[in-house]
Amino acid sequence: MRMMQTTQRRSFFILLAAWLILLVGPGVAQGNPRTDELKHCLQDFDGIEWKLPYQPPLRIRSCATPTINYDTGDKASAGRRKLELIGELTLGDDASQLSFDEGYAALQLAVHTHFAALFKQRGYRLASTEQGNARTEYSAYTQCMLRRHGGGNCVEDAPKAPEPPIPYISLARYVRETGAQTITLIYKAEAKNTWSISLEGVSDVPAGAK
Amino acid sequence: MEHFARRRVRCPGRCEMKRRPIVAGCLGLAAIIAGLFIFGALRNQAVPVGVVDPAIEFYTKGHGGGFAAIDRWAHYGMPADRFVAVLQKAGYICQPPEILKDATEAGAMREVPCHKTEQWPIGRTLAIHAGIEPGIVGRLATVHATSTLVHDSWFLAKPWGNLLRKFNLIEPETLQVTGFQIDSIDTLSRMVADALSLNGWGARCTDEKLVAQCQEMASDRIKSGFPALPQAPLAAGTALEMHRAMERIRFAPIQKRGNDSRPEDSLLVRLTDGRMWLDFTSKDLSGHKLTASIELESKGGTPTSLVTGLDGESRTMRMAGSPRLANDRSVIYLLPEAAIQDTRYSVWLDLPNRNFPGTFDKLTRSLPLVDPAFIAPMIKAIIGDLQANTQPEESLGLYPALRQIEKMADVIRALRPDRLLPPETGNRLIAETYADDPAIRAAWAFAVCVSTGTPASIDGNCLLRFTAADPDAAALVRSEIAKLQLLYADLPETHPLRIRLKRLDEAFLTEHQGNIHVAD
């Protein structure tokens, strides 16, 4: 008798819970579909807790997993994930004292520092880096052409010693080992104002299903 | 049997011959009388189809006939050309109203005379004199009709005419046409509500293509007049559609624009106790003065209530009008200009769009011209919109709070709040409106105390007042700065981000005086 009562009570609560889910569920699902899509995409990046930098202002250009393609035509293949970022080339008024090239290197440094902290937080270890050079050196010929808008007779000067580079990290490889599995993360400064973060070797089985 | 035989004997066959003419005469007379009554009943009683809103027929049902049933369809404000066309169709000869080239030619009331000769059951001349109000179109204002017997000097003509009039078989000698009279606040309210309703006759059945679909609606209106007032707020169109809807029921705006160089959509509104109204007036052929006022809220210029008035009595109804929307479906705001008099022009302003900096320029140009009472609510609306209209990254909280505070501050700064509101008013508005949102309060402080540009400067005293007045918002900023300083601790000290964070940290933590100029 007591068992029956307990079962009935449990059924009642299950029913109540189901009703609540029905009532609340659509409200949750009624959010912006793009936002929901991005949210689900970012949640499938090996548990990295994404945050975007304070400066420069970046936004997500595309996000791809094997199941979701946010603002991109293709989904990622099995075990892979890819996030593309795009942003403004500015660090605010406080960078106004720097030359364009120095400012660009500072900007790249800020972006990498920000994401490196996120990767480190998730247990990724820096494996290797590649450097880029922020210095934009124009030859005398190019400078002449630029000044005359391509209309003058510009003669190539004799080559002179190059200025020292203004380095920044253009590519960084990170790894994370989980048992026998190794996940590789590649952070890459792509074009002037775009970045990509891609993962390889990620398990496509949802964490809860393992 | 004997009795019958005796009668037959008394009255031979000639007797029946004598009775026949009497019976025939009686039948003939009865037929004439019946014919006259049928004639009287049918005599121009029907309202010509399509002349008026069928609801008007309900209210003029008991009105007498004659004169082309004018008392059943004539109403104040009827266009003069339509009035004449109806009478011409009924056989009247009218002197058409003079067509004015422009409104300035309009002067005194014009008269349009019409006449017609009837022969049966008695010869008479019917004359209708219509008073037309000045204006380009010319609107019916008064109507008077007379019926004169053609041969009243003839023997029996006058008594015969009087007899016919007594039995209502021909029109009366004179008729002061009242037509569709609006003699109760209920009728007036129902008529105005129907005119403004999105489901009303005017909205659905004035288009000729839709008339076929409106037959059922028409028969309902003939049976019971204007629809009953809805219990729910009246679903209506936008503020810009109100004039047209009221014009359909011959209500003219009290506040007339005249010749001005304002944009086409600039509404002339009455401002009373911070509320915007569109006022309309009309009358009927009996001289009842009618008024209707529509309240507009600033957001979308949305009509929110309707007040009708008749002979000192008034009734208020709630309206659920439609907001005016921009092409991107965002709501446009209606704001009255600053002026001494109650009647003012109004301006339509879009909420600023972060992707179109020009929208900020327009706001900063236009807002100082707006009535001060409407500036604070507009700023509140702008901030509310900026909060609601976020990118997916913002919705998911991917950006640091400090970045969002500064971004919001950029928007507020672009509005030049110092030019729009006295500092105390602005601070109070934000503190009261966003009591539960320290991020917006902090953004306001950033906008007011931190200027952008080269060199950027922070008004230390301003921030000091802010931290003292709003310790919660100040604590939020401090905690965000601390988090970011930790995140960017690996950057060189000379890195612009480190410099910026250090500068903000000092501004929010140190009790300094005067302006701190930044020369990094």
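Attention here is on the structure that accompanies the text. (Residues numbered from 1 in each chain as written. Chains lettered and ligands numbered in written order. Predicted model: local features only at pLDDT ≥ 70, side-chain atom pairs only at ≥ 80, totals over all residues.)

Regarding the overall build of chain B
For step 1, the next point in the chain: When helices and strands are tallied, chain B shows 20 helices and 17 strands.
For step 2, the next point in the chain: Here chain B, with 520 residues, has 32% of them falling under the buried criterion.
For step 3, the next point in the chain: Across chain B, every contact between residues at least 6 apart in sequence was considered, and the portion connecting residues at least 24 apart equals 63%. (Helix = DSSP H or I, 4+ residues; strand = E, 2+ residues; numbered from the N terminus. Buried ≥ 20, exposed ≤ 12 C-beta atoms within 10 Å, placed from the backbone. Contact = placed C-beta atoms within 7 Å.)

Some thoughts on helix H5 (residues 80-89) of chain B
All names here are of chain B.
For step 1, the next point in the chain: Within the sequence span of H5, burial applies to Ala-80, Phe-83, Val-84, Val-86 and Leu-87. One face of H5 carries all of its buried residues, which in axial projection span an arc of 160 degrees.
For step 2, the next point in the chain: At its buried positions, H5 is contacted by strand S1 (93-94), strand S2 (110-118), strand S3 (124-133) and strand S4 (139-149).
For step 3, the next point in the chain: Downstream of H5 by one or two residues, Gly-91 has phi in the positive range, about 95 degrees. (Arc of directions from axis to C-beta.)

Focus: the pairing of strand S6 (residues 181-189) of chain A
Residues and elements named next belong to chain A.
For step 1, the next point in the chain: Summarising the sheet, strand S5 (residues 167-178) and S6 pair through eight bridges and their orientation is antiparallel. Looking at the pairing, Val-175 lines up with Thr-184 of S6.
For step 2, the next point in the chain: Two successive antiparallel strands, S5 and S6, enclose a turn made up of two residues, where Gly-179 displays a positive phi of approximately 65 degrees.
For step 3, the next point in the chain: Note: S6 against strand S7 (residues 194-200), six bridges, orientation antiparallel. (Pairing = 2+ DSSP bridges.)

A closer look at the nonpolar core
Residues and elements named next belong to chain B.
For step 1, the next point in the chain: Ile-70 and Ala-443 are the most contacted members of the largest nonpolar core, which totals 151 residues.
For step 2, the next point in the chain: Considering each element in turn, this core owes the most residues, nine residues, to helix H17 (residues 438-449).
For step 3, the next point in the chain: The residues contacting Ile-70, other than those within four sequence positions of it, are Ile-128, Val-143, Ala-145 and Val-177. (Core = buried A, V, L, I, M, F, W, Y, C linked by C-beta atoms within 7 Å.)

Points about the interface of chain B and chain A
For step 1, the next point in the chain: Contact with chain B, which involves 25 residues of that partner, is made by 25 residues of chain A.
For step 2, the next point in the chain: For the side of chain B that touches chain A, the secondary structure elements donating two or more residues are helix H13 (392-395), helix H14 (401-414), helix H19 (471-487) and helix H20 (496-509) of chain B.
For step 3, the next point in the chain: The leading source of residues in the side of chain B that touches chain A is H20(B), at four residues.
For step 4, the next point in the chain: Looking at the side of chain B that touches chain A, its residues break down into 14 nonpolar, six polar and five charged. (Nonpolar A, V, L, I, M, F, W, Y, C, P; charged D, E, K, R; others polar.)

Considering the packing of H17(B) against H19(B)
All names here are of chain B.
For step 1, the next point in the chain: Between H17 and H19, the least distance of the axes is 8 Å, while the angle of their chain directions is 85 degrees. By the angle between their directions, the pair H17 and H19 is classed as roughly perpendicular. In this structure, H17 contributes Pro-438, Ala-439, Arg-441, Ala-442 and Ala-445 to the contact, and H19 contributes Asp-472, Ala-473, Leu-476 and Val-477.
For step 2, the next point in the chain: A class-by-class count of the residues in the contact of H17 with H19 yields seven nonpolar, no polar and two charged. (Axes fitted to C-alpha atoms, helices over the stretch in contact; angles between N-to-C directions. Parallel < 35°, antiparallel > 145°, perpendicular 65-115°, else oblique.)

A word on the sheet that holds S3(B)
One key point about sheets: their strands pair by backbone hydrogen bonds, in either a parallel or an antiparallel sense.
Residues and elements named next belong to chain B.
For step 1, the next point in the chain: The strand order S1-S2-S3-S4-S5 describes an open sheet built from five strands, whose pairing is antiparallel. The sheet terminates laterally at S1 and strand S5 (174-176), the two strands that pair on one side only.
For step 2, the next point in the chain: Note: S4 against S5, three bridges, orientation antiparallel. The residue bridging Ala-145 from the neighbouring strand is Leu-175, located in S5.

Some remarks on H19(B)
Residues and elements named next belong to chain B.
For step 1, the next point in the chain: The terminal C-alpha atoms of H19 lie 24 Å apart, and with 17 residues this matches the ideal 24 Å at 1.5 Å per residue to within 8%.
For step 2, the next point in the chain: The complete set of buried residues in H19 reads Ala-473, Ala-474, Val-477, Glu-480, Ile-481 and Leu-484. All buried residues of H19 project into a common sector of 125 degrees when viewed along the axis, lining one side. More than 90 degrees from the buried face of H19, the exposed residues found are Pro-471, Asp-472, Ser-479 and Leu-486.
For step 3, the next point in the chain: Buried residues along H19 sit against H14, H17, helix H18 (460-469) and H20. (Expected span 1.5 Å × (residues − 1).)

Brief notes about the environment of Cys94(B)
All names here are of chain B.
For step 1, the next point in the chain: Locating Cys-94 in the fold gives a position in strand S1.
For step 2, the next point in the chain: On the basis of neighbour counts, which here come to 19 C-beta atoms within 10 Å, the residue Cys-94 falls in the partly exposed class.
For step 3, the next point in the chain: When residues no more than four places from it in sequence are discounted, the contact partners of Cys-94 are Val-84, Leu-87, Gln-88, Val-112 and Cys-114.

What to know about unusual backbone geometry
Backbone phi values are negative for most residues with the exception of glycine, while trans is the configuration of most peptide bonds.
For step 1, the next point in the chain: The omega angle of the peptide bond from Gln55(A) to Pro56(A) is -5 degrees, so this bond is cis rather than trans.
For step 2, the next point in the chain: Structurally, Pro56(A) is set in the loop between helix H2 (33-42) and strand S1 (58-64).
For step 3, the next point in the chain: Look at Asp71(A): it is not a glycine, yet its phi comes out positive at around 55 degrees.
For step 4, the next point in the chain: With respect to the helices and strands, the residue Asp71(A) is situated in the loop between strand S2 (69-70) and strand S3 (80-87).
For step 5, the next point in the chain: Although it is not a glycine, Arg250(B) adopts a positive phi angle of roughly 65 degrees.

Re the packing of H14(B) against H19(B)
Residue and element names in this part refer to chain B.
For step 1, the next point in the chain: In the contact formed by H14 and H19, the axes pass within 9 Å of each other and the chain directions differ by 125 degrees. Considered as vectors, H14 and H19 are oriented oblique to each other. Note on element contacts: H19 touches H14 through Leu-476, Val-477, Glu-480, Ile-481 and Leu-484, opposite Ala-401, Leu-402 and Ile-405.
For step 2, the next point in the chain: Of the residues that constitute the contact of H14 with H19, the class distribution is seven nonpolar, no polar and one charged.

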